[in-house]
Amino acid sequence: MRHRIYGAHVAGTSSSRLVRKASLAAASVFAAAGLVATPDIGHGREATQPGMTVPSSDHSASDHSTSWETYGRTYANTRFSPLTQINSGNVGRLKLAFTLQLGALRSNEATPIVIGDTMYVSSSWGPKTTYALDARTGDIKWAYRPDLPDDMMQYSCCDVVSRGVSYDNGKIFVGRLDGYLVALDAKTGQELWKTQVVDYKQGSVITSPPVVLKGRVITGFAGGEYGVRGALQAYDENTGKQVWKTWLTATQDQPNGDSWKGDSARHGGAAAWNVGSYDAATDTLFWGTSNASPWNSAVRSTGTVDYGKLSNLYTASTVALDPASGHIKWWFQGTPQDVWDYDGVNENVLADLKENGQSVPALMKADRDGFFFVVNRNTGKLLSADPYVPVTWAKGYDIATARPIADPDKRPALDHPVKGVCPSWIGGKNWQPMSFNPMTGLVYVASNNMCFDMKDMEPSYHRGVFYLGADYNVYDGPGGYRGELAAWDPVHRRKAWEVKLPLPFNGGTMTTAGNLVFFGDITGNFRALDARTGKTLWKIKLGSGIGAGAMTYAVAGKQYVAVVVGRTATLPAAMGDAGKKIIATTPEGGSLFVFALGS
């Protein structure tokens, strides 16, 4: 592991085009107990960066300072907590508070949520089990174990994943690998309703928690590798009845249908399999979409860098929608006519910045294609696009046209195999969530440094079977490292510090007002770092690789930090030698670990 701080970074300067804006919203009632930061409490440091804010999310996932009510704590998906009882001065005293074996091995990727004094967490394999726990002791209040089909794994592209559950109005909402969305009574675990979202046997499973807004439960599903047609769907939270459905590939009879060749949109991908974000100020829902299907772009476009209108909307994009109707307000397509499996599903993180002295409502995204995008979340206008990992598929990004400057030598075709494409299909960043700290102004990103060679093949669509039309070989990227944890400055558009890692596909991040970043890696190390310098302040080995992002909460005046552990088992097979080392480094696992300060 190599660690580097970039001395040129000076927090709070304003020399770039984008300048930080805001204040930290925190509850003073908890600050009095030493749990939460306020603008004048900073543990010997400035408590906020002037001019930085995190926008309000929905009433159903409000900024309750001691809770962690959604996957990203709020629907702004910053994964930032204002809690400060655990901080950079005392984090070395962290001790195990309790642990729970989840009863399912491999690909345990959930972020628990905490409502009041109850924690809700799901396992992999379905989820096989959803638990309600006493958030202070880990005692099980109830466990939901549905009957699930035995054949789900063959339709789950990227392992038997559950990334967690959602809460609203006394209900827990669970998306399942068998394509069902379920509502449970939060107090008892009793199943209230069950609705089929999609037929999983077409290659569509639900792996991420839904967004719940104003009585609607909104979810997508996976399947970009199976040639599904992606969609977002909303359901009444009391009855489970469908309210709306928005297709995410445009057919010829729809607006932007001319971005597809023939009827290829009907098996065009754009699956929305990761988490959504929400801005209450404009009542706008944001969601990322997957790669286009098949990978061989000649089926759906020109197969060259000169694709004209045939960009394949709305694949590899962020779409902004009206949550009441599902109407698409705007979109930004990060990788038009994608051929490298650069899903655009990575989470959209919302914060307010300044542009030329004016406040800009920003959306930040570390895309699979290797570019860190900052977009005006009200209009969809691209503000900046910078590579945060080695990138060779494009020579740069044209901000004026909001399109990449693609390198034709790196685009595969039937008669044109290519070498040295960076990043690989794993992406500059995969699903593992990043976090944003308004006190440091930095985004904490776990990235991958892998490249690959590609060649196209003739695809043939068969329902429930991979629909790729491509072959590839993955290998290490340049520089002698395979992964990295970096603090990205979205204002100055550069890294503030970085930690080099020996393997790719490391865990997500969480950050706090206690000047901390929590991060787990694929070798099983869970650590706390100084948010400003990247220095490791505390570390513990947890026995299996970590992909999930940690979370933190407080109950009865005591702060806790929790993380789910259990590495992926399917994906390393497609990662070359690095994948073999991932398998050899730790066994499969499935555990929840919760820590608190010791005496």
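As the structure is a computational prediction, the values presented were derived from the model and not from experiment.

Caption draft 1: Spotlight on the overall build of the protein chain. Helices and strands together make up the secondary structure of the protein chain, namely 2 helices and 40 strands. Counting every position in the protein chain, which comprises 599 residues, the buried fraction comes to 67%. Residue pairs in contact within the protein chain that sit at least 24 positions apart in sequence constitute 63% of those at least 6 positions apart. Put simply, the protein chain shows about 19,100 Å² of open surface, and 51% of that area lies on carbon and sulfur atoms.

Caption draft 2: Summary view of the pairing of strand S26 (residues 403-406). Bridge analysis of strand S25 (residues 394-398) against S26 gives 4 bridges, and the strand direction is antiparallel. Within S26, the position partnered with glycine 396 by the bridge is isoleucine 405. Between S25 and S26, which follow one another and run antiparallel, lie 4 residues, and alanine 402 among them has a positive phi close to 55°.

Caption draft 3: How the structure looks around the side chain of arginine 163. With respect to the secondary-structure elements, arginine 163 resides in the loop between strand S8 (140-144) and strand S9 (166-168). According to the relative accessible area criterion, arginine 163 is buried, its value standing at 4%. In terms of polar contacts, arginine 163 uses its side chain to reach the side chain of threonine 207, at 2.8 Å. Those residues in contact with arginine 163 that sit more than four places away from it in its chain are Tyr71, Glu109, Ala110, Thr111, Thr207, Ser208, Pro209, Trp273, Asn274 and Trp431.

Caption draft 4: Main features of the sheet that holds strand S6 (residues 118-122). Taking strand neighbours across the sheet as the criterion, the 4 strands line up as S5-S6-S7-S8 in an open arrangement whose pairing is antiparallel. What marks the edges here is a single partner per strand, and that holds for strand S5 (113-115) and S8. Within the sheet, the average angular offset between the axes of one strand and its neighbour, ignoring direction, is 20°.

Caption draft 5: Quick look at helix H2 (residues 576-585). Along H2, the residues that are buried comprise Ala578, Gly579 and Ile582. Buried positions in H2, seen along its axis, are confined to an arc of 100° and lie on one side of it. Facing away from the buried side of H2 by more than 90 degrees, the exposed set consists of Asp577, Lys580 and Ala584. On the buried face of H2, the contacting elements are strand S30 (450-456) and strand S31 (470-476).

Caption draft 6: Here's a closer look at the pattern of salt bridges. Under the counting rule described, the total for this entry stands at 25 salt bridges. Residues lysine 171 and glutamate 237 are paired through a salt bridge, measuring 3.7 Å at the closest nitrogen-oxygen approach. Here lysine 171 is found in strand S10 (residues 171-175), whereas its partner glutamate 237 is found in the loop between strand S15 (231-236) and strand S16 (242-247), with 66 residues between them in sequence. Each member of the pair lysine 171 and glutamate 237 is classed as buried. For lysine 500, the salt bridge is made with glutamate 484, and the minimal N-O distance between the two is 2.5 Å. Separated by 16 residues along the polypeptide, lysine 500 in strand S33 (residues 494-501) and glutamate 484 in strand S32 (residues 483-489) bring together distant segments of the chain. Judged by relative accessible area, which is 10%, lysine 500 ranks as buried. Under the relative-accessibility criterion, glutamate 484 is labelled buried at 2%. What emerges from the salt-bridge pattern is a single network uniting Asp117, Asp134, Arg136 and Lys141.

Caption draft 7: Region of the structure containing the packing of aromatic side chains. Using the criterion set out here, one finds 24 aromatic pairs in the structure. Ring centres of tyrosine 155 and tyrosine 200 lie 5.6 Å apart, and the angle between their planes is 80°; on these two criteria the pair is classed as edge-to-face. Residue tyrosine 155 is found in the loop between S8 and S9, and its partner tyrosine 200 is found in the loop between strand S12 (191-196) and strand S13 (211-213); the two are separated by 45 residues along the sequence. Like tyrosine 200, tyrosine 155 is buried. With centroids separated by 6.1 Å and ring planes inclined at 90°, the aromatic side chains of phenylalanine 371 and tryptophan 393 adopt a geometry described as edge-to-face. Of this pair, phenylalanine 371 sits in strand S23 (residues 371-376) while tryptophan 393 is found in the loop between strand S24 (382-387) and S25, placing the two residues 22 residues apart along the sequence. No difference in accessibility class separates phenylalanine 371 from tryptophan 393, as the two residues are buried. What links up through ring pairs into an aromatic cluster is the set Phe332, Trp340, Tyr342, Phe371, Phe373, Trp393 and Tyr397.

Caption draft 8: Focus on the state of the cysteines. The full count for this structure, using the stated rule, is 2 disulfides. The disulfide partner of cysteine 157 is cysteine 158, and the gap between their sulfur atoms is 2.2 Å. For the protein chain, the disulfide bridges join cysteines in the arrangement 1-2, 3-4, where the cysteines are counted in sequence order.

Caption draft 9: View of the sheet that holds strand S18 (residues 284-288). Strand order across the open sheet formed by 4 strands is S17-S18-S19-S20, with antiparallel pairing between neighbours. With one partner strand each, in any of the chains shown, strand S17 (277-279) and strand S20 (328-333) form the two edges of the open sheet. Taking each pair of neighbouring strands and ignoring which way they run, the sheet shows an average axis angle of 20°. Inspection of the sheet shows strand S19 (residues 317-321) paired to S20 by 5 bridges, in the antiparallel sense. Bridged to threonine 318 within S20 is phenylalanine 332.

Caption draft 10: Here's a closer look at the environment of methionine 457. Looking at the element boundaries, methionine 457 is found in the loop between S30 and S31. Considering only alpha carbons, one finds methionine 457 and aspartate 471, 14 residues apart in sequence, at a separation of 7.2 Å. For methionine 457, the contacting residues outside a window of four places in its chain are Asn296, Leu414, Gly469, Ala470 and Asp471.

Caption draft 11: Fine view of unusual backbone geometry. In this structure, tyrosine 314 follows leucine 313 across a cis peptide bond, with omega equal to 10°. Within the element layout of this structure, tyrosine 314 appears in the loop between S18 and S19. With an omega dihedral of -5°, the bond running from cysteine 422 to proline 423 counts as a cis peptide bond. Structurally, proline 423 can be placed in the loop between strand S27 (418-421) and strand S28 (435-437). One non-glycine residue with positive phi stands out, namely arginine 73, at about 75°. Its place among the elements puts arginine 73 in the loop between helix H1 (28-31) and strand S3 (80-81). Residue class for arginine 73 comes out buried when judged on its relative accessible area of 4%. If you check the backbone angles, arginine 493 has positive phi at about 60° while not being a glycine. As for its placement among the helices and strands, arginine 493 is situated in the loop between S32 and S33. On the basis of relative accessible area, arginine 493 is assigned to the partly exposed category, the value being 31%.

Definitions and cut-offs
- Residues numbered from 1 in each chain as written.
- Predicted model: local features only at pLDDT ≥ 70, side-chain atom pairs only at ≥ 80, totals over all residues.
- Heavy atoms only, no water.
- Helix = DSSP H or I, 4+ residues; strand = E, 2+ residues; numbered from the N terminus.
- Buried < 20%, exposed > 50% of the residue type's maximum accessible area, 1.4 Å probe, protein only.
- Contact = heavy atoms within 4.5 Å.
- Areas by Shrake-Rupley, 256 points an atom, 1.4 Å probe, with all protein chains shown as cover.
- Pairing = 2+ DSSP bridges.
- Polar contact = N/O pair within 3.5 Å; in protein donor to acceptor, adjacent residues only side chain to side chain.
- Axes fitted to C-alpha atoms, helices over the stretch in contact; angles between N-to-C directions.
- Arc of directions from axis to C-beta.
- Salt bridge = Lys/Arg side-chain N within 4 Å of Asp/Glu carboxyl O.
- Phe/Tyr/Trp six-rings, centres within 6.5 Å; stacked < 30°, edge-to-face > 60°.
- Disulfide = S-S within 2.5 Å.

So, to be careful, I would describe these as geometric facts and stop short of saying anything about function.
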